[in-house]
Amino acid sequence: MPILSAQNILLRFGGPPLLDNVSFDIEAGDRICLVGRNGEGKSTLLKVLTGEMETNSGEIVKKAGLKVARMIQEIPAHLDGTVRDIVMGRVSVVSGGSVISQKILDDGAHNATAEAILGKTGIDADAPYDSLSGGQKRRVLFARAVAEDPDLLLLDEPTNHLDIPAIQWLEGIVTRLSCAVMFVSHDRAFVRRTATRIFELDRGRVRSWDFPYDKFVQFRDQALAEEEKANALFDKKLAEEEVWIRKGIQARRTRNEGRVRALIKMREERAARRSRTGNVNMQITEADRSGRLVARLKNVSYSYDGSPLISDLSTEISRGDRIGIVGPNGSGKTTLLRLILGELHPESGEVRLGSNLHIAYFDQMRTRLREDKSLIENIGDGQAYITLNGVKRHVLSYLQDFLFSADRARGPISALSGGERNRLLLACLFSHPSNVLVLDEPTNDLDMETLDLLAELLADYNGTVLTVSHDRAFLDSVATGILAIEEDGHVFEAVGGYSDYEANKKLRDKEAANAVRIAAEKEAERQARSNLAAGVSPAQASTKKKKRSYNEEREYSTLPEKIEKLEKEIADYQLELSKPEVYTNAVLIVELQKKIADNEILLEQAYERFEILDNLG
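As the structure is a prediction and not an experimental result, all values here were calculated from the model.

Scoring rules and cut-offs
Residues numbered from 1 in each chain as written. Predicted model: local features only at pLDDT ≥ 70, side-chain atom pairs only at ≥ 80, totals over all residues. Heavy atoms only, no water. Helix = DSSP H or I, 4+ residues; strand = E, 2+ residues; numbered from the N terminus. Buried < 20%, exposed > 50% of the residue type's maximum accessible area, 1.4 Å probe, protein only. Contact = heavy atoms within 4.5 Å. Areas by Shrake-Rupley, 256 points an atom, 1.4 Å probe, with all protein chains shown as cover. Lys, Arg positive; Asp, Glu negative; His and termini not counted. Charge placed at Lys NZ, Arg CZ, Asp CG, Glu CD. Polar contact = N/O pair within 3.5 Å; in protein donor to acceptor, adjacent residues only side chain to side chain. Core = buried A, V, L, I, M, F, W, Y, C linked by side-chain atoms within 4.5 Å. Pairing = 2+ DSSP bridges. Axes fitted to C-alpha atoms, helices over the stretch in contact; angles between N-to-C directions. Expected span 1.5 Å × (residues − 1). Parallel < 35°, antiparallel > 145°, perpendicular 65-115°, else oblique. Left-handed = near helix turned anticlockwise from the far one by under 90°. Nonpolar A, V, L, I, M, F, W, Y, C, P; charged D, E, K, R; others polar. pLDDT = per-residue confidence, 0-100. Salt bridge = Lys/Arg side-chain N within 4 Å of Asp/Glu carboxyl O. Patch = residues over 30% accessible without salt bridge, like charges linked within 9 Å, V, L, I, M, F, W, Y side chains within 5 Å.

Visitor: Please provide a residue-by-residue account of the overall build of the protein, values included.
Guide: From N to C terminus, the protein includes 20 helices and 22 strands. On the principal axes, the C-alpha backbone points of the protein span a range of 120 × 75 × 45 Å. Put simply, the protein has 617 residues, and 44% of those count as buried. Put simply, of all contacts in the protein between residues at least 6 apart along the chain, 67% involve residues at least 24 apart. Summed over all atoms, the accessible surface of the protein reaches about 31700 Å², with 50% contributed by carbon and sulfur. Distance from the positive charge centre (84 side chains) to the negative charge centre (95 side chains) of the protein: 5 Å.

This is how it looks when you write it as structure tokens:
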């Protein structure tokens, strides 16, 4: 039985409906990714599901007592209170003047859930919310939504501004949640790892695909090809009928009135057809080639507030390289970009730039956009025409390539969504000649189709690309090399995309663990030889090992009973799960599976602790 059903939802703001008689069901335990082009209405649909936005007609039917929590896309810049206050629900969450989430009444079960997820954020619970980075604020608001213990969790672009370790942390939490989850995301790697179903919002309709992402893409592309073929046949038939109806006087006398009515119906059907949103038509205006050398860094170091950001980096970037820069939030990725470009002077070492560099910079904060100007003024600087690769183009025509209508192009930037702002910034960037493209977080808010086109464009670009991104799929498509900022400002240089770097790092971590193990074994052998030389037998040496403290002794005595209790509970849950009547109760299945998984984790921890205490003697 569904926990929520949307039934014939219609929402119109003028023009074609944003939601056109939409119907779908959400089941307990679903992990649904809602995909669609920028501007299709994905965030609006989430608001409809929470009741924040009313519809023209239709109904949302919810299971009795259903709790829904939503994490918004726009992160509030200011909230009163600490991280603990936000996660525990002691303050209301306000964004854009609207209350998104009310205070939560103190409740023992809620407080326990909130404390558990709070400990998993890795953020100081007593830190003021306003002191956090954008990525940390997003993690805190995600933790608050989870702490509400909802039956349905709605997440709007949860990976935006998160670094890769934080995204992987988020993946782990989402895949272990027992509640249903519906999320909007353009991060393909995140979607692949978390979604079990796909809802596609396209031209006002929601189509449900009960497949993981890659299989959805395969079937979606087949469906679009079939739709295009059917439309072509329909248009051909319509054209033939239009020729027939316009024949001479003699043909009109004998024409079939049924055929005329069929033609009128075809005309109405063609007029009602909604065309799929076109693709962005991007091209980069390229300058003359730069020299072979773009930048050479030799023993470069840079620190901030006494903490090293970049330590003793030596590398060379050549014409045509496409370098991805990765690292945790706050590790110094933008600082490294500025060092490479000569905008910052290193504390030690030297940076040499190549010749004939024409640099175009995509700023993640979008400071290049002038808020007081229209889209046309941002592109043309008062001129009606711009020149792209030697061809003169009207500014309006150029903006249409980036899916901006004439009315939109004449309007203010303040009316644009996040994805539209990023498209406009790319339009500004690509309209100026360059041979070095610097892209700082270009993928935020862009839909998957635009991301694909951007990746193809960069792959064909004759110049050099430097990009900071947390989108692993994008980096795999674009990068020929990775500069990864790791611990203490050390920068590791890897060949290939992010997957190649990740595989290399796993290998290095394994080698480091083996080195520690070998060192420990050698130390144990050395100690044994030393004891033997001193006349101390192995038995005597073992008696000198650390004894259990009073508290450890009490803990040690209770562990066998705790282990036995956990094993019995797991066996009881498994027995319950095997009963025939449970097969038809999806909610109960999910609850029992979660209890088994949680107890298995506790049992493993208890065994490990017992072994440690037992070895103390």
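Following the structure, the description resumes.
Visitor: I'd like to hear about the side chain of Ser 469, residue by residue, with values.
Guide: With respect to the element layout, Ser 469 can be found in the loop between β20 (464-468) and α16 (472-478). On the basis of relative accessible area, Ser 469 is assigned to the buried category, the value being 0%. At a separation of 3.0 Å, a polar atom in the side chain of Ser 469 contacts the main-chain amide nitrogen of Asp 471. In this structure Ser 469 touches Ile 325, Val 326, Glu 441, Thr 443, Phe 474 and Leu 475, once residues within four positions along its chain are discounted.

Visitor: Any chance you could break down the nonpolar core for me, citing the residues and the numbers?
Guide: Soluble globular proteins: nonpolar side chains tend toward being buried together. Ranked by internal contacts, the top residues of the largest apolar core, which has 47 residues, are Val 87, Phe 142, Leu 153 and Ile 198. Per element, the largest residue contribution to this core is seven residues, and it comes from helix α4 (residues 134-147). By size, the runner-up hydrophobic cluster in this structure holds 38 residues, among which are Leu 369, Leu 399, Leu 454 and Leu 458.

Visitor: Report on the sheet that holds strand β22 (residues 491-495), specifying residues and quantitative values.
Guide: In any sheet, the strands associate via hydrogen bonds between backbone groups, in a parallel or an antiparallel arrangement. Across the sheet, six strands lie side by side as β16-β19-β20-β14-β21-β22; this open sheet has mixed pairing. Edge positions in the sheet fall to β16 (359-362) and β22, since each has one partner strand and no second. With direction set aside, neighbouring strand axes in the sheet form an average angle of 15°. Relative to β20, strand β19 (residues 436-440) is paired through five bridges, and the arrangement is parallel. Following the sheet pairing, Leu 437 is matched in β20 by Val 465.

Visitor: Mind laying out helix α14 (residues 418-430), listing which residues take part and the relevant values?
Guide: If you check α14, its first and last C-alpha atoms are 18 Å apart, about what 13 residues at 1.5 Å a residue would give, namely 18 Å. Here α14 lies mainly inside the structure; twelve of its 13 residues are buried. Within the span of α14, buried status applies to Gly 419, Glu 420, Arg 421, Asn 422, Arg 423, Leu 424, Leu 425, Leu 426, Ala 427, Cys 428, Leu 429 and Phe 430.

Visitor: Give me the lowdown on unusual backbone geometry, citing residues and values where you can.
Guide: The backbone of Asn 8 sits at a positive phi, close to 55°, despite the residue not being glycine. For Asn 8, the location among the structural elements is in strand β1 (residues 4-11). Using a relative accessible area of 45% as the deciding quantity, one classes Asn 8 as partly exposed.

Visitor: Tell me about the packing of helix α7 (residues 213-245) against helix α9 (residues 257-272), and please be specific about residues and values.
Guide: Working note: a packed helix pair is described by the angle between its axes plus the distance between those axes. The interhelical angle for the contact between α7 and α9, taken along N-to-C directions, is 135°, at an axis separation of 10 Å. Put simply, α7 runs oblique to α9. Here α7 and α9 pass one another in a crossing that is left-handed. Judged by residue contacts, Phe 234, Asp 235, Lys 237, Leu 238, Glu 241, Glu 242, Trp 244 and Ile 245 of α7 engage Arg 259, Val 260, Leu 263, Met 266, Arg 267, Glu 269 and Arg 270 from α9. When the residues that make up the contact of α7 with α9 are grouped by side-chain class, the tally is seven nonpolar, no polar and eight charged.

Visitor: Please give an account of α7 that cites residues and values.
Guide: The terminal C-alpha atoms of α7, which comprises 33 residues, lie 47 Å apart, in line with the 48 Å expected from a rise of 1.5 Å per residue. Of the positions making up α7, those classed as buried are Tyr 213, Phe 216, Arg 220, Ala 223, Phe 234, Leu 238, Glu 241, Glu 242, Trp 244 and Ile 245.

Visitor: Break down the environment of Gly 330 for me, with residues and values.
Guide: Mapped onto the elements of the fold, Gly 330 is located in the loop between β14 (322-326) and α10 (333-340). Linking Gly 330 and Leu 309, residues 21 residues apart in sequence, is a C-alpha distance of 8.8 Å.

Visitor: Could you give an account of the confidence of the model for the protein, with specific residues and numbers?
Guide: Across the protein, the average pLDDT comes to 85, with 91% of residues at or above 70. Ranking the helices and strands of the protein by mean pLDDT puts strand β9 (residues 180-184) first, with 96, and helix α8 (residues 249-253) last, with 54.

Visitor: Explain the environment of Leu 375 residue by residue, including any values.
Guide: On the secondary structure map, Leu 375 appears in helix α11 (residues 375-380). Note on Leu 375: relative accessible area 0%, which makes it buried. Considered as a pair, Leu 375 and Gly 58 are 317 residues apart in the sequence and their alpha carbons are 37 Å apart. Among all residues touching Leu 375, those that are not within four sequence positions of it are Leu 399, Phe 404, Arg 408, Ala 409, Gly 411, Pro 412, Ile 413, Leu 416 and Leu 424.

Visitor: Could you give me a rundown of the pattern of salt bridges, with the residues and numbers involved?
Guide: Per the stated rule, a full pass over the model turns up 31 salt bridges. Between Asp 20 and Arg 205 there is a salt bridge; the shortest N-O distance is 3.7 Å. Of this pair, Asp 20 sits in strand β2 (residues 19-26) while Arg 205 sits in strand β11 (residues 205-209), and the two are 185 residues apart along the sequence. Taking relative accessible area as the criterion, Arg 205 reaches 47% and is therefore assigned partly exposed. The partner of Arg 526 in a salt bridge is Glu 523, and the shortest N-O contact between them spans 2.7 Å. Of this pair, Arg 526 and Glu 523 both sit in helix α17 (residues 498-533), three residues apart, which is roughly one turn of that helix. You can call Glu 523 partly exposed: its relative accessible area is 38%. Sharing partners across several salt bridges, the network here consists of Arg 37, Glu 200, Arg 220, Asp 221, Asp 447 and Glu 449.

Visitor: Account for the environment of Glu 564, naming residues and giving values.
Guide: With respect to the helices and strands, Glu 564 occurs in helix α19 (residues 550-577). The spacing of Glu 564 and Asn 111 is 453 residues in sequence and 28 Å in space, taken between C-alpha atoms.

Visitor: Can you break down the sheet that holds strand β10 (residues 197-202) residue by residue, with the values?
Guide: The sheet built from six strands is open, its strands ordered β5-β8-β9-β3-β10-β11 with mixed pairing. Because the sheet does not close on itself, it has two edges, and the strands there are β5 (68-71) and β11. Sheet twist, expressed as the mean angle between neighbouring strand axes with direction ignored, is 20°. Sheet strands in contact with helix α1 (residues 42-50) are β3 (31-35), β5, β8 (152-156), β9, β10 and β11, and its direction is about 155° off that of β8.

Visitor: Can you explain a negative patch on the surface? Please cite residues and give values.
Guide: Together, Glu 604, Glu 608, Glu 611 and Asp 614 make up a negatively charged patch on the protein surface. Here Glu 608 is to be found in helix α20 (residues 586-616).

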